[in-house]
Amino acid sequence: SIVMVCFDMSQWFGTKSRTRREIILTTFGTAEKLTLPVEVTTKTGDIKGQLCARLGLEPEELSFVVKQSSSHKVLLDSDEIRSCTVRGIDTWTRKKARHPHPIGVIGAGHIGLRQALSFIKEGIDDFVVVDRWEIVGGTAWVKNANRTSKLQTELGVYHLNYGVGYTIPRETMKTWPSRDELLAHFQLVCEEYGIMAHLRMQLEVRSIDVVISQPDKPAHSTDRQHLNVMAVPPNNGEDDDQGKVDWRFSALAVYPGGLTKPLRVECVGEELFEGQIGYGMFEEFDYTRVPGQSVAIWGMGAFGVENVRTCLEHGATKCWLICRRKNITMPRVLSWFINQSVYPPPGAMLLDAMRPMYDLIPDDPWAYYSIVCNQDRTAATIRQKARFGIGDVYFLASYYGKVETVVDSIKRLVPREIVMDSGLRIEVEHFVKVLGFKADMSLDKLAGIREMVGFFANGDWRRWVFTESPGVDAGRFGGTSLSPGAISTVETYSYFLNYPKDAAALLETQVLPRHKADKDKGMPAYQWDVRQSASIGMIMSSGVVPGLAELGGSYANLNRMKEREAHPLEKFVDEVAEEWYGYCKMFREADDTRPVLEYPYSYEFVRDLVERNDRQGEEEMIRQAERSAA
């Protein structure tokens, strides 16, 4: 049968011009036809080179043959291209690599499971996901989160099956689902999409060894080397091999997560405090003991804001939020605004839009340590070590006097008091620590990582290691959620497994940044800072690897589509306002007699913000196109 293949050939060979004509290339044997525009003077070698780059072939594999009366002629690279038969290929669809052994994935958290979902979509069905916990969800949700923990960003951009062609679980899940609801969601998606058969739970990887069995093979060869991976039950001792499992993997993706090792600090005098002391995570702190009492919360990252909500909902009379420096907290509406944006909103626009909330404290977000801006405050970068805490209750509780933020350092604890370096003494019955997390330095040794090249361990395309970067460092903000970044990460690795020649070619360009461990800062090699991590993503999607650029283009408006489908503007504003008035009622029932405070954001405010960012983003895109054409 004859198959006519129609493509937008401008992606292959540029835009069509008046000097162009159409030719038809036919594969030998299968007779698939490819119609494309070329210039009158286009040479055969030019087309051969483009086809090889597109299909992952070598030039010597292809020959272009034309029929001349009763004979055939092979076109030289210097000949002008014409309609002909192409030998050395039987389809215009690029062939995917075949791997002799399964692909391994370490980590059954959000990104590890999303990698499994990507494998299934891409037809990579021979893979194993290994995790140390009994259930899926990863350390962040299985171990570190409390039963009171809730998602701070919105469900529309945080669910496991986020992507093109998947359904948002809106009918069964809340906008801000709890830990247990999210864990049930992860389990349901694994069951629904066939991930369960690939999971090996309650196994901890203890060794990863690279075996180069055929060193003479090219770098992109799938059988040049493999990895021997050994795992045992997590409670096994160092030399206990009971329950040991060995695998031979062709490639390995490692997703250790960014919220793995909590930062633990002991204060002078804790033994004298007489009240409850605990970390506000992994079920260590008993919130049922706080009704009618005051709580000090040490730390102002996302977990700090989360603990303000949790303590107040459990009836605490007041929360003291203690920090060395105040971090930016994100109102719910602005998180929604960022996540539905086609063009990442600039920092200055966000800081101005925060004012209605910060005026309630009262405070000026522009004055925070993390803000780097010009004199007239028209441009700003937000640079802080902690991720944004997202929620409105912090602002409302500050207005009602239920939360007081103290910028100071703790000197010591005495019975029922916290003494600050400034001399301030804070009387509290409970002390919650939420000081953030640090990366696991031991992974570098386990995985044999001397240096990261992009997300490739030691510049080896078979070993992919990725974790979220800590903190915030940006002048424009494309999202406050994990799922959009996760889909890009996992589909990039699936692409490289299917087309390893592209991965090897990318590594040969030397364009990817390199990173080694910094033991003094407690930063392993595999963990990049925010800007470096973003730059790796931009390099990979910039066109250096044409297939990846096209892959990224397919997700251009996905955030807006998913966020607005799950949370239409008016309904979302109504929902956050309802939550707001619920807290007002809770505070009034606790003997606060002030009038109910009106929710600061209206439909009109949010709609104007969206339209203004769309307009400015389009104008900036036009300016960039004009500069590029100049």
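Residues numbered from 1 in each chain as written. Predicted model: local features only at pLDDT ≥ 70, side-chain atom pairs only at ≥ 80, totals over all residues. Heavy atoms only, no water.

Draft legend 1. Local environment of the sheet that holds strand E16 (residues 294-298). Sheet architecture is open: five strands sit in the order E15-E26-E16-E17-E22, paired in parallel fashion. In the strand order of this sheet, the two ends are held by strand E15 (276-279) and strand E22 (403-407), each with one partner. Taking each pair of neighbouring strands and ignoring which way they run, the sheet shows an average axis angle of 20°. Bridge count for E15 against strand E26 (residues 430-433) is four bridges, and the pairing is parallel. Bridging from a neighbouring strand, Gly278 pairs with Val432 of E26. (Pairing = 2+ DSSP bridges. Helix = DSSP H or I, 4+ residues; strand = E, 2+ residues; numbered from the N terminus. Axes fitted to C-alpha atoms, helices over the stretch in contact; angles between N-to-C directions.)

Draft legend 2. Quick peek at the environment of Ile390. With respect to the helices, strands and loops of the structure, Ile390 is situated in strand E21 (residues 389-390). Classification of Ile390 by relative accessible area gives buried; the value is 6%. Note: C-alpha distance between Ile390 and Glu570 (180 residues apart in sequence) is 19 Å. Beyond its immediate sequence surroundings of up to four residues, Ile390 is in contact with Gln152, Thr153, Val305, Met330, Pro331, Arg332, Ser335 and Thr480. (Buried < 20%, exposed > 50% of the residue type's maximum accessible area, 1.4 Å probe, protein only. Contact = heavy atoms within 4.5 Å.)

Draft legend 3. Representation of the environment of Tyr368. Mapped onto the fold, Tyr368 is located in the loop between helix H8 (347-358) and strand E19 (371-373). Remark: the alpha-carbon pair of Tyr368 and Arg325, spanning 43 residues in sequence, is separated by 8.1 Å. Excluding anything up to four places from it in sequence, Tyr368 contacts Lys326, Asn327, Ile328, Tyr358 and Asp363. Separated by 2.7 Å, the side chains of Tyr368 and Asp363 make a polar contact. (Polar contact = N/O pair within 3.5 Å; in protein donor to acceptor, adjacent residues only side chain to side chain.)

Draft legend 4. Representation of the pattern of salt bridges within the structure. Tallied over the full model, the rule gives 41 salt bridges. With a shortest N-O distance of 3.0 Å, Asp460 and Arg462 are connected by a salt bridge. Look at the salt bridges and you will find they share partners, linking Lys96, Lys121, Glu122 and Glu491 into a network. (Salt bridge = Lys/Arg side-chain N within 4 Å of Asp/Glu carboxyl O.)

Draft legend 5. Expanded view of the sheet that holds strand E12 (residues 245-249). On the basis of which strands lie adjacent, the open sheet formed by three strands has the order E10-E11-E12 and antiparallel pairing. Only two strands of the sheet have a single neighbouring strand rather than two, namely strand E10 (204-212) and E12. Averaged over all neighbouring strand pairs, the angle between strand axes comes to 20°, with direction disregarded. Here E10 pairs with strand E11 (residues 225-232) via eight bridges, running antiparallel. From the neighbouring strand, Val205 faces E11, where its bridge partner is Ala231.

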